[in-house]
Each structure stands twice: as C-alpha cells, then as structure tokens.
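Coordinate analysis (summary)
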Amino acid sequence: MTAAWPMALIGLRSRRRRAVLTGLGIALAAAMLSAAVVISYGLGTGFARATRAAGLPDVIARFNDIGEHRVAARIEALPDIARFALRLEIVDGEVGFHGRQTGTIVEVLDGPGRYDGYAVVAGRNLPRLGSEVLVEKAFADAWGIRVGSYLRLGDNFLGPLRVVGLVEGPDDVGYPLAKARIYLSRPAIDAHFGGPERFPQVDLAEIWLRNPAYVNEVLAQARATSFGIKDIQFATRAGIRILLDQAAGIVIDLLVALSLIALVTAGVLLAASARAEVQRRLGTFGVRRAVGETRGQIVRTQVVEGLLVSVPSGSLGVVAGLVATYGPASRLLELLNEPPPGWGLWWPLGLAWLGAVGFPALGAAWPAWRATGGPVVTLLRGGDVAARGRPFAGRSRGGGLVGLGVRLVGARRVRWLASVVTLGLSAAFVLLMLALASELSTLETDPGALGKKYALTASLPPPSVSPTRLRRIPGIAAIAPRYEVNAADSFELGETIDTIAFPGGGAAFEAPALVSGHRVRGPDEADVGAGLANALGLTDGSVLALALPSGRELRVRVVGIVSSLDHEGRVAYIEAGTLLRYDPGAASSASLAIVLTPSADYGAVTAALTRLGAPPSVATGATARGAPLVDVLRAILRAVAVLDGLVCLYALIQACALTVFERRRTVAVLRACGAGAGAVRRLLLGAVIALVVPAAMVGVLLERVVFGPALSRLAENYAVLNLAAGSGPVAAVVAGLCAAALVAVGWVARGASRDSVVEGLRG
Amino acid sequence: MAVLEAHDLVKTVGVGRGARRILDGAELSVEADEVVAVLGRSGSGKSTLLHILGGLDAADRGSVQIAGEELVGRAGGALARIRLRRIGFVFQQFQLIEELSGLENVLLATRLPGAPAGGAQRVRELIDVLGLGPVAGHLPRALSGGEQQRFAIARALVNDPVVVLADEPTGSLDAENGAAVLAILRGLERRAVVIVTHEPEAAAIADRVLSLADGRLT
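Before going into details, it helps to say that this report is about the structure given with it. Since this is a predicted model, take the numbers as computed values, not measurements.

**Let's talk about the interface of chain A and chain B**
Listed by partner, the interface residues are 30 residues for chain A and 22 residues for chain B. Of the roughly 2300 Å² buried between chain A and chain B, counting both surfaces, carbon and sulfur atoms make up 61%. Taken together, the links from chain A to chain B amount to one salt bridge. For Arg407 of chain A, the salt bridge is made with Glu104 of chain B, and the minimal N-O distance between the two is 3.1 Å.

**Quick notes on the nonpolar core**
Counting 95 residues, the largest nonpolar core has Leu652 and Leu670 of chain A together with Leu4, Leu9, Leu28, Leu53 and Leu165 of chain B as its most contacted members. Considering every element that reaches this core, the biggest residue donor is helix H22 (residues 677-715) of chain A, with 11 residues. Leu652 of chain A has contacts with Leu423, Val688, Leu691, Val692, Leu737, Ala740, Ala741 and Ala744 of chain A, leaving out every residue within four places of it along the chain. Core analysis: the second largest hydrophobic core is formed by 37 residues, Leu96, Leu143, Leu188 and Ala206 of chain B among them.

**Topic: the packing of helix H5 (residues 145-157) of chain B against helix H6 (residues 175-186) of chain B**
Residue and element names in this part refer to chain B. H6 packs onto H5 with a crossing angle of 15° between their chain directions and a minimal axis gap of 9 Å. Taken together, the axes of H5 and H6 are roughly parallel relative to one another. In this structure, the crossing between H5 and H6 has a hand that is right-handed. Contacts from Gly146, Gln149, Arg150 and Ile153 of H5 reach H6 at Asn177, Val181, Ile184 and Leu185. Here the residues of the contact of H5 with H6 sort into four nonpolar, three polar and one charged.

**Concerning the sheet that holds strand S4 (residues 61-66) of chain B**
Backbone hydrogen bonds hold the strands of a sheet together, and the pairing may be parallel or antiparallel. All names here are of chain B. Pairing within the open sheet is antiparallel, and its four strands lie in the order S2-S1-S4-S5. Only two strands of the sheet have a single partner each, and these edge strands are strand S2 (20-31) and strand S5 (69-70). Note: strand S1 (residues 2-13) against S4, five bridges, orientation antiparallel. Along S4, the bridge assignment pairs Glu5 with Gln65. Its contacts with the sheet place helix H1 (residues 46-53) against S1, S2 and S4, and it is angled at close to 125° to S1.

**Some details on a nonpolar patch on the surface**
All names here are of chain A. Together, Leu307, Val311, Trp343, Trp346, Trp347, Leu351, Trp353 and Leu354 give the surface a local cluster of nonpolar side chains, amounting to about 930 Å² of exposed area. Listed by contribution, the elements that provide at least two residues to the nonpolar patch are helix H10 (295-335) and helix H11 (346-371). Sorting elements by how many residues they give to the nonpolar patch places H11 first, with five residues. Position of Leu354 relative to the elements: it lies in helix H11.

**Observations regarding the packing of aromatic side chains**
Residues and elements named next belong to chain A. Inspection of every chain in the model, using the stated rule, returns five aromatic pairs over all chains. Note on Phe139 and Trp143: the rings are 5.0 Å apart at their centroids and 50° apart in plane angle, and the pair reads as tilted. Here Phe139 pairs with Trp143, and both are found in helix H5 (residues 137-143), just four residues apart, close to one helical turn. Phe139 sits in the buried class, given a relative accessible area of 0%. When the ring of Phe502 is compared with that of Phe509, the centres are 5.6 Å apart and the planes differ by 10°; the resulting orientation is stacked.

**Thoughts on helix H7 (residues 215-224) of chain A**
Residue and element names in this part refer to chain A. Considered for burial, the residues of H7 that qualify are Val215, Val218, Leu219 and Ala222. Along the axis of H7, the buried residues cluster in a sector spanning 100°; they form a single face. The outward face of H7, more than 90 degrees from its buried face, is lined by the exposed residues Asn216 and Ala224. Elements that come into contact with the buried residues of H7 comprise strand S1 (59-67), strand S2 (81-97), strand S9 (201-209) and strand S10 (233-236).

**Looking at the side chain of Gln149 of chain B**
The topology assignment puts Gln149 of chain B in helix H5. Not counting the four nearest positions on each side in its chain, Gln149 of chain B is found in contact with Val90, Phe91, Gln92, Phe94, Pro169, Leu173 and Val181 of chain B.

**Quick notes on the pattern of salt bridges**
Residues and elements named next belong to chain A. On inspection of all chains with the given rule, the structure shows 22 salt bridges over all chains. Between Arg181 and Glu107 there is a salt bridge, with the nearest N and O atoms lying 3.7 Å from each other. Residue Arg181 is located in strand S8 (residues 180-185), and its partner Glu107 is located in strand S3 (residues 100-109); the two are separated by 74 residues in the primary sequence. The residues Arg181 and Glu107 share a single accessibility class, namely buried. Between Glu553 and Arg555 there is a salt bridge, with its nearest N and O atoms 2.6 Å apart.

**A few points about unusual backbone geometry**
Residue and element names in this part refer to chain B. If you check the backbone angles, Phe94 has positive phi at about 65° while not being a glycine. For Glu168, which is not a glycine, the phi torsion comes out positive at approximately 45°. Relative to the helices and strands, Glu168 resides in the loop between strand S7 (163-167) and H6. Residue class for Glu168 comes out buried when judged on its relative accessible area of 8%.

**Examining the pairing of strand S12 (residues 476-489) of chain A**
Two faces, one strand: in a regular strand the side chains alternate between the faces of the sheet. Residues and elements named next belong to chain A. Bridging between S12 and strand S19 (residues 591-596) involves six bridges; their strand directions are antiparallel. Bridge pairing links Pro481 to Leu592 in S19. Relative to strand S16 (residues 543-547), S12 runs antiparallel, the two sharing two bridges. In the strand pairing of S16, Ala488 is matched with Ala547.

Scoring rules and cut-offs
- Residues numbered from 1 in each chain as written.
- Chains lettered and ligands numbered in written order.
- Predicted model: local features only at pLDDT ≥ 70, side-chain atom pairs only at ≥ 80, totals over all residues.
- Heavy atoms only, no water.
- Contact = heavy atoms within 4.5 Å.
- Buried area = accessible area lost by both parts, 1.4 Å probe.
- Salt bridge = Lys/Arg side-chain N within 4 Å of Asp/Glu carboxyl O.
- Core = buried A, V, L, I, M, F, W, Y, C linked by side-chain atoms within 4.5 Å.
- Buried < 20%, exposed > 50% of the residue type's maximum accessible area, 1.4 Å probe, protein only.
- Helix = DSSP H or I, 4+ residues; strand = E, 2+ residues; numbered from the N terminus.
- Axes fitted to C-alpha atoms, helices over the stretch in contact; angles between N-to-C directions.
- Parallel < 35°, antiparallel > 145°, perpendicular 65-115°, else oblique.
- Left-handed = near helix turned anticlockwise from the far one by under 90°.
- Nonpolar A, V, L, I, M, F, W, Y, C, P; charged D, E, K, R; others polar.
- Pairing = 2+ DSSP bridges.
- Patch = residues over 30% accessible without salt bridge, like charges linked within 9 Å, V, L, I, M, F, W, Y side chains within 5 Å.
- Areas by Shrake-Rupley, 256 points an atom, 1.4 Å probe, with all protein chains shown as cover.
- Phe/Tyr/Trp six-rings, centres within 6.5 Å; stacked < 30°, edge-to-face > 60°.
- Arc of directions from axis to C-beta.

The structure is reproduced here in structure tokens:
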C-alpha cells in the first residue's frame, strides 16, 4: 500500500480536472444519500425516540371522570403493573397569550415526575406547588412562547401561569395538527383554591408494565375488572403509533418514497461514474501491467486514488445533505410531537458516509481488478473506446457533427443507459414534485379541491332578514345553513369526529370526492371521511355511533366514504334535521354557506351581505391547521429538488466530459481538420441530445405511469390527488433539462477547445 | 510561387535542465506542385515542425505563412478556419473515426462549419479517383491499412487545401500499400506537399529532400 500513495498522488495531479468532476459527482450523490438518510431515519424512528424520551406508558386508559381512589385501586389490583399515573384531561380549555386565544387540552397531572408520558425538552418539570405550567413545544414555537412566558387559562381563573418547561408528548400529534396541550399540576391548583379537592376526579390513566410483552393479558384483565368505570377505552403504544401514522401517514409515506427515489438515483450515478473512470483508464493499466506491475498493485493504487477523491467530496456531500434537510425534517417531527434525531443520526449518516466514500473506491477497484485480468495487449488498446456495432446508425447516417455526437455516446451502451436512467429518474422526480406542489397549492387555496362548492361563508343574519332576501342578492346561486359540531365516537370516545350537516345532506354545497358508496339522501345516513373510516374500520353499511355535545347518541348508517383532508379525514356528513333533533344546541354553530354564480361580483355580494348583517368571509381550502404541514413539506421538497437538479446538471456534464475525454483523439482529428469551438459544441450537442431526449421520455413516462399513481394511491385516504404531471410541468422540466444540457455543452466545449490538438492526436 | 513559407522557427520542449531546443532557426519554403520530404532521426523534431506548419502547435519564435496568411499569433478559431480551407493532414495512424464509415469520415470534413461549398461532389470524385467506391460504406475496422490511409488522404484533400502535410504516411503500411499511397501524394496537383518521414522510399518521390538536424533544415 505504501507504494500506492505516491502513484495515486501522481495520478490525481495529472488529472486534476477529472478528479474535480468525479469529486463533484460523489459529493452530489453523497448529498442525496445523506438527505435520504436524514429524512427516512428521522421520520422512521421518530416515534421510538419520542417513546423513549417521554417514557410513554405501555397502556393509556381513557374513561369518564371518576374518583381517583377508585381507579387507583383497580389498577393496583392488575398483574404485572410497574407503576401508573393518573390525570384529568380537559379537552375544551382555552389558552391565551399576548392577546391571542385558542382551544387547548389541559392535562392536569396528579403527580408530576419522571414518568408522565412526556419529555421535557426545555426548562424543567412541574413542581408540586406553584402556578406553573408546561407547554407543548410545537405550540410554544408556533406562538413564540418561551420558558418564563406567562399564559392565561380560560378566564384567568388561576391567574397568570408561568411557563417553566416545554414538552413533547408522543401520544398525539402536535399543534396545529391537533389542539395545543398544556400541563398543570393538580397540587398547584389545589393550593390555589386553598386545599386539596376532597374527591379528586381523573379521566386518564397511564400504566407502565413490568413486561410489556404481556400487554394483551393485562388489557384482558383490565377490561374484565373495569365495571363501574364508564366509557373506558384503552390505547397501547402500538395503537398510538397507528393513530399517529394515520395522522401523519401521507407525509411520512411521501417522504420515504421520495428518499427511495433519491437513493436509486444516487446509486445509479455513483455506479456509472466509477465504471466510467476505470474504462477511461484501461490504456494506462495496460502500460503498467506491461512494465511489470501486478493486478493487486494496480487495484491498490486505484483504491487509494479513489479514496483521495471520495473522502473529501463524500464528506462534503454528506454534510451538505444533512444541512439541507435536517431543519425541515426536524420541523416536521416537531409537528408530530417527536424529537429530532440529533446525535442518533451519527451511525446511519456514518454508514452513508462509508457508502459514499467506499463505494466509489471499491467501484473503481472491482472493474479495475476485472479489467487488468485480461491480456495486456487488449488493455493497451483501451484508451480510446472501440465502437461496438453501429448504435443509432440508421438514424444518424450522414448526420454531420450532431449525428456523430449521438453515435459517440451510443457506443457506450451501458453508460448511455445508466445516464438515461439517472436523468430520467431525476426528471420524473422533479416532475412529481412540481405536480405535488401544484396539488398542495390547490388544496390550500382552492376550496373546490376539498369538495367545497361554496365560495363564501357568513354568520347568520338577524332574524328579521328572511332567507329569501339573501337568495335574491345578485350573484348568489344558492345559500344554506351549515352546521358543524365536534362529536366523538361512542365506542372510542377519544376519536373526535368533525360532524358537518346541511339541510338535505348538502351535496350541492360540500361534496368531497366519493371513494365508495353514495351521497347522504336520508335522515339516518352519513358519509364519512376515509381517515375516519380507516380509524374506526367503517365500511359502507356500517353503523356510526356519534356521541354529540348534547350528550345524546346519534346512530347513522354509513352510505359513502369520501376523501377529505379536513381534520385528517375524520369527518362525517349528515342531514341537518337529524343533527338538530339530537343536538338542538348545534343550531348555535350554524353559518351560511354561499354558492356564487360564475359571473358573481365578490365585492358587490360581500357588500350586500354586510348590509343585511351577515358579513361574509372567503371559504378556504385546507384548514389553517394543515398550512404549517404543507409549508414544511414544501421546504423538504425544495431541498431535495435542488439536489436533484444539481444531479441532472452533473450527469450531463459528466457525460459530455467523458465523451470528450474518451474521444479526445476523435475531437483532435476534427480540430486538425479545421473544426473550431462551434464544431465541438455541435458534436457535444449531439451527445447530450442522445441523453436528454430519451431521458425526458423516460422521466415523463415514469412520473405518469409509476410515481404519480403510486403517490396518489398513498394519499387516497386523505384526498384525491391528481399527480400526473400536466403539460406545464412537463414543458418546464424539458426546458430545465435543455438548459442543463446547454450549460454542460458550453462548459465542456470551452475546455475541449483549449486542449492541445497534438496531445489529443497521441490519444 | 511559394504557398508555404516558414522563417526562423524556434521551438524548445521541456523545462529547466531538461529543456531541449528541437527547432533552432528552421527555414522552409514550398511551392505549389512541389513535394518536399523532411528526413530526420527519431526525436529530431520532424513531427513538431509539421504541427507548427499546420497551426496545431505554436513556435516560440518565427513565422509561418500559408498562401500568404500568417499563422503565428492567430487565435484558435482563426487557425481552425485556415486549417479547414488551406491545409490537409495525413497521419501515420490514419486517425479515422471508428463509428463512421470511410465515406462518412470524408464527408464529415465537408460538413464542418465554414467548409467550402461543393464538398459532396468532391467526395464522390475523390472516392472514384482513389478507387475506394467498393469499400466506401465500410467501417474503418473492416478496411485494410492501405484503404484506411487512402480514405485519410481523401479526407485531407476534400476541402481542396493548398498545402498537404503528411506525418509518416507510410509508417503503418506494408511496402505495396506504402508505394500506392506515395504515388497518390506524388500525383497531387496544385498543392504543396510536405512529407515527414524516415523512410528512404518516401523521400524518393520528393522533388526536394531536406534533413532536420540540430534544429535546422538543410
């Protein structure tokens, strides 16, 4: 190995430009690899990390409020219990900060300690006394709440609450995907009111087992002994994970799919680069073999030379990929109430680094080992590539310099194929992201994408204004009251359901795409979102039991399943009359949904409604809660897209540079015959046309036939996404490929025209 | 009238203590219809001289004029245009492009940007004159050495240059094919031909034989 170092250094010095180009390729591939690792590892292991950090219990039991001592006695009687904690979860709280107000879940903790199912990520845990509060980190970051800030709870009945810590509780997603959560200490509340409550109530128990493998046995025992505890429902760690996956499933699935594509692209690129490098140097190997070097010595030199390039460039690429994606991935994890991977990334990133550094070196060594086993005389011919057959001969016969360029690239069929596949994958990837970004924008801004056919909503006018007067306003096509209440599933009370009702079903006002079944036609029917159907195992014909805010239960038959992004698909559409019969209080939730005529003047309609006491607002697309998720997703897509675009550019420059280098004699002959820089550019143009045209076709086909439909299927539980790229994105990607091709041609032709013709003629 | 004139050519190769002056005031003048052979030992600078005469390499000092156009000091693009219209090269290793047939190799030179018009007609004539019609569609690897060199000569002549520069044109050929190639070069009309060779047979067809020694042509 000692002798390999000086040889490798000499080799690198003599091929500085090539080494820089190879290093650039390795850096880009390493960046993609690293980005894929950060995204897939960060998200894939987020729940496990959160579980460890928070000490998430093995079982969470929710039930109607009941005396603490009664629950404690039942739990203590269960087998295999290591410890447990009790709390009261108030789901309809209100929290205020700096004049802002939002709904919150208040977790009243019985005895704050090490095992409360949340991880303190900033500040400290709650004391046993004092008006202090813990705030969910995602909520704190979104609202600018810091440790030391003061919050108001409800009408400030507890006085200003000092924030002493920020926490992450992985048993639910974070704000704004779910309600903000804050944590209070029961002893602190008791102290505020002058002493402990006589019969403290709880509605949630966290249970840790000695051996989690016996969770099913413990649950069976718990169910058997839970008489007297109303509406009890259990959630296990696995169950929580499934719920979280349903909530964030589309995002995680999407990103993992994108990461896999990135990995394939990086692999193809690295393999093509390594193989090309060895092929290019066959002549040199022949000379070294001829003067007596062994295969082993040549391969060792090759490995060292490869490492000298791949170590710095691979390291740079891994860091670049990490920097580009760690922030967006961490923000996404925060929304899921999961901690960022932090130092846990070191070993998967280390593996990625080893791959990025070792693969090119080994990839160069293996073909070198194989190549140097052949007859030396064959190796000696190896500098310039011999044509095998006549690729593209029929089409380019007499095609001049452009046609010659096509043939030169086509002479290396394996590399041509690898380059086309790489470029095609990258093009498909970019197309997919453009289609996705377009769909996300539509979902966010176009209410029609969510099936909302009304353009305006308004509060109900005074009783003196008749509905007929409203309907007569020019520009209004239809108007109806819309009711929306937050119900719960009677069997799984933790499963909240956004229940929406229109008179007669309201398909004319709000009709998300039907996945199966039909629209609501009668009083006892319901359409449910696919997210809810998945969570509760509902199908057409199932009975949905809704626990309404009135306390009454409404049973409806599921007649249709719809795609809806609202409330992660946990929605139910029912007939308004039915809702009001079971929950008269729902009338207070009514607003007006207003469908406008195509030629309606928004301003005039708004003014008319305002005059009648029903000031309207514009209907939005995805609820505001989804906006941060969309933003984070866009940031990740942008980061990966930039890397992908650079890969395209590199692949084209690499293809051009290799063509010129391997065919330097051909280029030199042309220049000796009088070809100037323009002629060299035409030659290279032919070379890139041979790559870009089939790659664009492969890219469009892949996106439309494979990637787009695959991602649409992943998302079908939430929304009907049309991810087949339209003509606009296709034109943009083709234009991008052409621009990259022109940059590559210009850059390589400039260098080729400066090279010595005489040197080139020597081969 | 001289179509190729070179004065006081100086060229040093290598650097430092390894530097070697291989051309040291070389002078050359070749007229149309004249064939000049340059002989010399290996490493004497014959090929370097030819490259400088053809604008492929730059002299350290001196001047080279082709049909009255000065080569020294010209930019790469201008030199390429002069090579395209005024100079034809014939190489020892033929230097045909392997993906192109013999005919396409010749045609390619007529399709370079700035090439004189009428190239296709001249290609047909040259293929006929050189007896290459039956093998015009063959790839180089299917041609004999003599056929390859004749295609290379056709390529050199196809843009009707006034100067033909041949670097060891028979070096890779057997005696019979070598003689045929020399006969072709000898028969070229209205052109100045410079043949760099170390073979006496090649020198025998020349109007003038010069020897390159110690950097000077004598």
